[in-house]
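# Structural overview
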Amino acid sequence: MIRAEGLSKTFRRYEREPGVLGSLRTLFSRRHTTVTAVDEVSFEVSAGTRVAYLGANGAGKSTTVKLLTGVTTPTSGRCTVDGIEPYRERVRNSGNIGVVFGHRSQLWWDLSVPDSFRILKHIYDIDEAAYRRNLSLFRDVLDIDALGNTPIRELSLGQRMRAEIAASLLHTPAVVFWDEPTIGLDLVLKEAVRALANQINREHGTTIFLTSHDISDISAICDQVLVVDQGRIVHQGTLAALLRTARHRAVHFDHRGDESPGQVAARIEEALTGTSVSIDDQRRVTISFPVDRLTAREVLTWVLHRFDVTDCFAPEPDLQTVLREIYGGRQPARSTAE
Ligand SMILES: Nc1ncnc2c1ncn2[C@@H]1O[C@H](COP(=O)(O)OP(=O)(O)O)[C@@H](O)[C@H]1O
Ligand SMILES: [Mg+2]
């Protein structure tokens, strides 16, 4: 359904020198750096998949979504969505896709939500029954009626996002590209959006391509993940397989005793090499350990023998931990001075 082959996008960033003289000099010298936002990315997403596109800030996620939705053209390589090259056939492609850019509105600022939806109904030539069915779904899930006739520009971010999400689904597209769709939404609405994504995927086989800073969105919606680092794909597969690549796991425990947190941490780190210990305000101890050296069972056994433990558990590795391991502390995008 979605295919990228050696897809690249570079930007020129012109350097500005400070001051009036500086900006004059900039005009003539045009010194620039080349930012590689997307670096020969290749992947394939089959129809009906719910895929998360993951990466640190500046990793090239939004640029990839812009390429896949035809907002921008690649510097080299190509991509297709349902066989169509988006930047060559924007109009034909737009009938197949629904798009939300959390940081940029897709809707008309001066129009109200009902007016915008009526226009979209005409643009996409949505039949009356399907239109009514979708509106009633969005009414239930996203409470869009509550947005009334207010122009979009006057809506809060969360209100606008509800309208954007509904608009992206109005024509029951085969693929949705949601770039940060839950920013500004409260917890209840986030959950509603997650449920909605799963519902449309189940009922219509909709392919979902999602980026989000909220790890819970990913776990709740996606079964596949593409991890991009410095513009390149570094992991592609199921979410479960990604979680199994974790190099660290954690054991948490509560205990009785009068040792200071510093003493507790020092004692553990000294005895169990490679671990790092943190202790919160409630005196809950977290031991992070490398999986190539220790098992959760070994750590728990050691702890149970040395502390008066009142509670302990060893959770499965979480996405946050794994992602931190993959792109922790790296520079966002590669740039080379020219
Ligand atoms: N229009 C642009 N002009 C110049 N640089 C850009 C432009 N859009 C994105 N970039 C740069 O490309 C890199 C990737 O950006 P982006 O795709 O927005 O990353 P992400 O969405 O993963 O945070 C960043 O270094 C960003 O500054
Ligand atoms: Mg982005």
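Criteria and cut-off values
Residues numbered from 1 in each chain as written. Chains lettered and ligands numbered in written order. Predicted model: local features only at pLDDT ≥ 70, side-chain atom pairs only at ≥ 80, totals over all residues. Heavy atoms only, no water. Pairing = 2+ DSSP bridges. Helix = DSSP H or I, 4+ residues; strand = E, 2+ residues; numbered from the N terminus. Axes fitted to C-alpha atoms, helices over the stretch in contact; angles between N-to-C directions. Contact = heavy atoms within 4.5 Å. Phe/Tyr/Trp six-rings, centres within 6.5 Å; stacked < 30°, edge-to-face > 60°. Buried < 20%, exposed > 50% of the residue type's maximum accessible area, 1.4 Å probe, protein only. Core = buried A, V, L, I, M, F, W, Y, C linked by side-chain atoms within 4.5 Å. Domains from an automatic or database assignment.

## Points about the sheet that holds strand S9 (residues 232-238)
Two orientations exist for strands paired in a sheet by backbone hydrogen bonds: parallel and antiparallel. Strand order in the open sheet made by the six strands is S5-S6-S7-S3-S8-S9, with mixed pairing throughout. Looking along the sheet, the strands with just one partner apiece sit at the ends: strand S5 (97-101) and S9. Ignoring which end each strand starts from, the neighbouring axes of this sheet average 15° apart. Lying on the sheet, helix H6 (residues 157-169) is in contact with S5 and strand S6 (175-179); it crosses S5 at an angle near 165°.

## Here we look at the packing of aromatic side chains
The description of an aromatic ring pair rests on the distance of the ring centres and on the angle between the ring planes. In the structure shown here, the tally under the stated rule is six aromatic pairs. With centroids separated by 5.5 Å and ring planes inclined at 55°, the aromatic side chains of phenylalanine 177 and phenylalanine 209 adopt a geometry described as tilted. Residue phenylalanine 177 is found in strand S6, and its partner phenylalanine 209 is found in strand S7 (residues 207-211); the two are separated by 32 residues along the sequence. The pair formed by phenylalanine 177 and phenylalanine 209 is uniform in burial state, with each residue classed as buried. Ring centres of phenylalanine 253 and phenylalanine 307 lie 5.2 Å apart, and the angle between their planes is 45°; this geometry places the pair in the tilted category. Remark: phenylalanine 307 occurs in the loop between helix H11 (296-306) and strand S13 (308-313) and phenylalanine 253 occurs in strand S10 (residues 248-256); sequence separation between them is 54 residues. Here phenylalanine 253 and phenylalanine 307 have matching classes, each one buried. Members of the aromatic cluster, connected to one another through ring pairs, are Phe43, Tyr53, Phe177 and Phe209.

## Some thoughts on the nonpolar core
Counting 49 residues, the largest nonpolar core has Leu54, Phe117, Leu142, Ile165 and Trp178 as the members making the most contacts within it. With residues up to four places along the chain from it excluded, the contact list for tryptophan 178 reads Val100, Ile165, Ser168, Leu169, Val193, Ala197, Phe209, Leu210 and Thr211. Core analysis: the next-biggest nonpolar cluster, separate from the first, contains 25 residues, Ile2, Phe43, Leu68 and Cys79 among them.

## Re the domain arrangement of the chain
You can read the domains of the chain as domain 1 (46-243) and domain 2 (248-316). If you average the C-alpha positions of domain 1 and of domain 2, the two centres end up 42 Å apart.

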